[in-house]
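Breakdown of the fold
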Amino acid sequence: MTTNELLFLVFAFGLIAWFVGRARAASFINADTPIINSLPNYHGWFSCLWAIIPPIIFLIIWSNISPALVTDMVLANPEAASITADTFSRSAILSEARAVANGSNQALFQEGSEKLVPLYAEAQSYYNSIALVATILLIFAGGAFAYTRLKPNFRARSKVEKIVMLGLLLASLIAVLTTVGIVASLIFEAYRFVTLVSPIEFLFGTNWNPRDDIVAGEDNGYGAIPLFWGTIFIGAIIAMIVAIPFGLMSAIFLTQYSSPRFRSIMKPVLEILAGVPTVVYGYFAALTVAPAVRDFAVMVGFSNAASDNAMAAGIVMGIMIIPLVASMADDSIAAVPGAMRDGSLAMGATKSETIKKILLPAALPGVVGGILLAVSRAIGETMIVVMAAGYAANLTANPFASITTVTVQIVALLTGDQDFGSPHTLAAFALGLVLFIVTLLLNLVALRVVKKYREAYE
Amino acid sequence: MVEQKSGSNTIENSDSTHKITARNVNVFYDAKQAINDVSIDVDMENVTAFIGPSGCGKSTFLRTINRMNDTIPSARVEGDIRLDGQNIYDPAMDVVQLRARVGMVFQKPNPFPKSIYDNVAYGPKIHGLAANKGELDIIVERSLQRAGLWGEVKDRLSDSGTALSGGQQQRLCIARAIAVDPEVILMDEPCSALDPIATAKIEELIHELRGKYAIIIVTHNMQQAARVSQRTAFFHLGTLVEFGETSNIFTNPQETRTQDYITGRYG
Ligand SMILES: Nc1ncnc2c1ncn2[C@@H]1O[C@H](COP(=O)(O)OP(=O)(O)OP(=O)(O)O)[C@@H](O)[C@H]1O
Ligand SMILES: [Mg+2]
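Predicted model, so just to flag it, every value in this text is computed and none were measured.

Here is what the cut-offs are and how they apply
- Residues numbered from 1 in each chain as written.
- Chains lettered and ligands numbered in written order.
- Predicted model: local features only at pLDDT ≥ 70, side-chain atom pairs only at ≥ 80, totals over all residues.
- Heavy atoms only, no water.
- Near = heavy atom within 4 Å.
- Polar contact = N/O pair within 3.5 Å; in protein donor to acceptor, adjacent residues only side chain to side chain.
- Areas by Shrake-Rupley, 256 points an atom, 1.4 Å probe, with all protein chains shown as cover.
- Helix = DSSP H or I, 4+ residues; strand = E, 2+ residues; numbered from the N terminus.
- Nonpolar A, V, L, I, M, F, W, Y, C, P; charged D, E, K, R; others polar.
- Axes fitted to C-alpha atoms, helices over the stretch in contact; angles between N-to-C directions.
- Left-handed = near helix turned anticlockwise from the far one by under 90°.
- Contact = heavy atoms within 4.5 Å.
- Domains from an automatic or database assignment.
- Buried area = accessible area lost by both parts, 1.4 Å probe.
- Salt bridge = Lys/Arg side-chain N within 4 Å of Asp/Glu carboxyl O.
- Patch = residues over 30% accessible without salt bridge, like charges linked within 9 Å, V, L, I, M, F, W, Y side chains within 5 Å.
- Buried < 20%, exposed > 50% of the residue type's maximum accessible area, 1.4 Å probe, protein only.
- Pairing = 2+ DSSP bridges.
- 1 Å grid on protein atoms, 1.4 Å probe; cavity = no way out; pocket = protein on both sides within 12 Å on 5 of 7 lines; lining within 4 Å.
- Points joined across faces, edges and corners; volume = space filled by probe spheres on them.
- Core = buried A, V, L, I, M, F, W, Y, C linked by side-chain atoms within 4.5 Å.
- pLDDT = per-residue confidence, 0-100.
- Phe/Tyr/Trp six-rings, centres within 6.5 Å; stacked < 30°, edge-to-face > 60°.
- Lys NZ or Arg CZ within 6 Å of the ring centre and 35° of its normal.

Observations concerning the site of ligand 1
All names here are of chain B.
- Ligand 1 sits among 13 residues. The nearest are S54, K58, S59, T60 and H220.
- A distance of 3.0 Å separates an oxygen atom of ligand 1 from a polar atom in the backbone of G57.
- For ligand 1, an oxygen atom lies 3.2 Å from a polar atom in the side chain of E189.
- Here ligand 1, which alone exposes 630 Å², has 66% of that area covered by the protein.
- When contributions to the shell around ligand 1 are tallied by element, the ones reaching two or more residues are β3 (32-42) and α1 (58-65).
- Looking at the shell around ligand 1 element by element, the count peaks at 3 residues for α1.
- By residue class, the composition of the shell around ligand 1 is 4 nonpolar, 6 polar and 3 charged.

Listed below in structure tokens is the structure:
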């Protein structure tokens, strides 16, 4: 029986347990005890949950360890002793034999795998029967335990409530635990990287040309400064030069000038802009904006302008960020109390004077917070720069040159055939860690600024 | 409506000595009528009090005088309101100029999140009343002095205006309003967020300012109306029920509705 079939079995028994528990609770109700503590349905759910949760937990664990157990059993057989010792072809043979034994594959290609098929089938049926027995035992143990607890005054309702709450807690923990796991793996791999390449070279070196054969004490081409610079130049400078004025101006227009009708149309449109997949922006940048920028650069005299220039990527990234800046600025301006605006208007200030001298200064912290969030979004953005910015690590402030970014290099380092332990691959993790730390700090500062500002007007 | 003061309420006479003449004013919020055919005169060197139960339209009418209702998209004003004989709803009227001439103090103190100095200097700066920093300093000092706040803040002019106490903030707002040298000052319940001591200070201030401006004050406090105003207008359900000398309104009201309201029988 496969795990899925076992799961089906578990749910079938769960359903039975529900009916049994409910019927038992209903049987408590008679002339002497017209009211029991919880409705029969809750007794049903209590029994059902007890019957299915233990076997499900078991099956989750089992599905993770049983393949290893099966393989061990196969390899323990003397017939398996003859297969090759080479790790790679060995695992290929084993997985092929398993696939055929499962019936998910028909043909055999690897030499030596055919004799493992019956071994696999045997081992699998052995462990499957163990799983079946264990599952049924757990179902009945849980169900029986629940059944003995059912009494007229049993508080099934609050027990079910508690189990539901645990389920919700577990769901919310998954996101947190995943984040922790990702960070831990980033830190671990980055640590492996700095044992190979000096962190001084990585953080302060200006030569990015990663070599695979590391020589200690020499420049191995892992100086990431050009990448950091490229990221800042494209994401925090060019993109923001585009996004801040347009975002701010559209926020001012939407909050102060537009009619409610126009605003109710424009806001969703801005949100759609925020929802366009970045890959679409990417080819827009690569196919439309980049050539136009290059032609323009050549026209004004930059004859060496690259077709994959920083300018195009930055502009398109800025456009992508506009909705974010606009909506954050919109919120901040709208949060300035109307009394400020009225006070200024009543002084005889015009609308634009009021915006410039009262609303924007008052909304500034919120706007700055929004801009920081936008920067953190921009420097982590990948698709646009992969498609439109270059791969060449140039340390230059010429926006028409090809400049690369951290995210582009992470992609470059991880695509293609790479050994997982090579400095190339590990460098990607180190870059990822740096990026993560920077965006995390930006987000923290931004959220703090915005929160402080909100409190000021509470 | 009962006009105690002699004189007609026809438009032809609006070029008389009154500072403000309002004739047959109606205000609507969308289809809902908030002010119904109100006519009133306001004189210089006079404090006029608007009283009436909540929601009767005092604020709405007050805001028609400096056209602050323009900032409410649903509001629509009909009728004729003149400042020195000039129709303020005339398209040729510059709203910015109008609001410099008709200042306003709000119910809740609303200093700008700027320094005390900048709060007062705000109006003179945008209207170009000071040629240089020295002149601006003089305007700021004089306004704060007139608002009775100078002594308390002269050493901390660069502190934020929002860091002052509520009563000080309200006097700062008054200083801010008089810094542009208006002719009329509208006050919408200026003391309702203040304690009795701060209230007494503001009332004293109104007494002193009276000699130079036409002041209109909305208040829910009968004693306050009686103390500070020379003329009182009683509004009810969007109409002006009675308007006359404050002493008459409070001692000898002509309308039973007025009588009931000031004796607290309903409100
Ligand atoms: N912005 C607005 N939109 C729609 N209706 C409004 C608006 N402002 C006021 N109103 C309505 O107009 C009427 C008069 O309101 P107004 O604020 O002038 O009353 P008020 O006499 O100042 O009351 P209070 O003493 O409570 O301040 C009320 O019925 C109110 O609901
Ligand atoms: Mg009011």
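Here the narrative resumes, following the displayed structure.
What about the packing of helix α3 (residues 116-126) of chain B against helix α6 (residues 166-178) of chain B?
Residues and elements named next belong to chain B.
- The interhelical angle for the contact between α3 and α6, taken along N-to-C directions, is 30 degrees, at an axis separation of 7 Å. Read as a crossing pair, α3 and α6 show a hand that is right-handed. Contact residues: α3 offers I116, N119 and V120, while α6 offers L172, A175 and R176.
- Partitioning the contact of α3 with α6 into residue classes produces 4 nonpolar, 1 polar and 1 charged.

Overview of the domain arrangement of chain A
- Taken domain by domain, chain A holds domain 1 (3-154) and domain 2 (225-456).
- Each of domain 1 of chain A and domain 2 of chain A has a C-alpha centre, and the two are 50 Å apart.

Quick word on the interface of chain A and chain B
- Listed by partner, the interface residues are 18 residues for chain A and 21 residues for chain B.
- For the pair chain A and chain B, the summed buried surface comes to about 1,500 Å²; carbon and sulfur atoms form 68% of the total.
- If you sort the residues of chain A by the area they bury against chain B, M340(A), A346(A) and M347(A) come out on top, with a joint share of 38%.
- Between chain A and chain B we count 0 salt bridges in total.
- The interface formed by chain A and chain B includes 4 residue pairs in polar contact (both at pLDDT 80 or more).
- Taken together, the residues that form the side of chain A that touches chain B break down as 9 nonpolar, 5 polar and 4 charged.

Here's the deal with a nonpolar patch on the surface
- Where nonpolar side chains cluster on the molecular surface, the patch consists of M165(A), L166(A), L169(A), L173(A), V176(A), L177(A) and V180(A) and spans about 640 Å² of accessible area.
- The exposure class assigned to L173(A) is partly exposed, which follows from its relative accessible area of 35%.

Some details on the sheet that holds β3(B)
Residue and element names in this part refer to chain B.
- Read across the sheet, 4 strands follow the order β3-β2-β5-β6 without closing on themselves; strand pairing throughout is antiparallel. Edge strands, defined here as strands with exactly one partner in the open sheet, are β3 and β6 (86-87).
- Note that strand β2 (residues 20-29) and strand β5 (residues 75-83) share 8 bridges and pair antiparallel. The residue bridging T21 from the neighbouring strand is R82, located in β5.

Observations concerning empty space enclosed by the protein
All names here are of chain A.
- According to the stated counting rule, one finds 1 cavity of 30 Å³ or more in the structure shown.
- Taken as a whole, the largest cavity spans an internal volume of roughly 50 Å³.
- If you go around the largest cavity, the residues you meet are G230, T231, I234, G235, M317, A378, I379, E381, V385, T405, V406 and T407.
- Those elements giving two or more residues to the lining of the largest cavity turn out to be α7 (225-257), α12 (351-380) and α14 (406-414).

A closer look at the environment of E78(B)
Residues and elements named next belong to chain B.
- Following the sequence through the fold, E78 ends up in strand β5.
- Remark: the alpha-carbon pair of E78 and N26, spanning 52 residues in sequence, is separated by 5.0 Å.
- The contact partners of E78, leaving out residues within four places of it in the chain, are N24, V25, N26 and F28.
- A polar contact is formed between the side chain of E78 and the side chain of R76, at a distance of 3.1 Å.

What about the nonpolar core?
Residue and element names in this part refer to chain A.
- The biggest cluster of nonpolar side chains holds 78 residues, and the ones touching the most others in it are F193, M317, I321, I384 and L431.
- Ranked by residues supplied to this core, first place goes to α12 with 12 residues.
- With sequence-adjacent residues up to four places away left out, F193 is seen in contact with F202, Y222, P423, L426, A427 and A430.

Brief notes about the confidence of the model for chain B
Residues and elements named next belong to chain B.
- Within chain B, residue pLDDT values average 89, and 93% of them lie at 70 or more.
- Throughout residues 1-15 the model reports pLDDT below 50, and contacts reaching past four residues in sequence, or to other chains, amount to 27 contacts.
- The complex prediction reports pTM at 0.73, with the ipTM value standing at 0.89.

A look at the pattern of salt bridges
Residues and elements named next belong to chain B.
- In the structure shown here, the tally under the stated rule is 19 salt bridges over all chains.
- Put simply, E78 and R76 hold a salt bridge, and the shortest N to O gap is 3.1 Å.
- Relative accessible area serves as the criterion here: at 41%, R76 is assigned to the partly exposed category.
- A cluster of three or more residues bridged by salt bridges with shared partners is formed by K19, D84, R101 and E183.

Overview of the packing of aromatic side chains
- Scanning all chains against the criterion turns up 20 aromatic pairs over all chains.
- On the basis of an interplanar angle of 90 degrees and a centroid distance of 6.0 Å, the ring pair of W208(A) and Y222(A) is categorised as edge-to-face. One end of the pair, W208(A), is in the loop between α6 (199-204) and α7; the other, Y222(A), is in the loop between α6 and α7, and 14 residues separate them in sequence. Both residues of the pair, W208(A) and Y222(A), belong to the buried class.
- Here the aromatic cluster, defined as three or more aromatic residues joined through ring pairs, consists of F193(A), F202(A), W208(A), Y222(A) and F228(A).
- It is R76(B) that lies over the ring of F28(B); its NZ or CZ is 4.4 Å from the centre.

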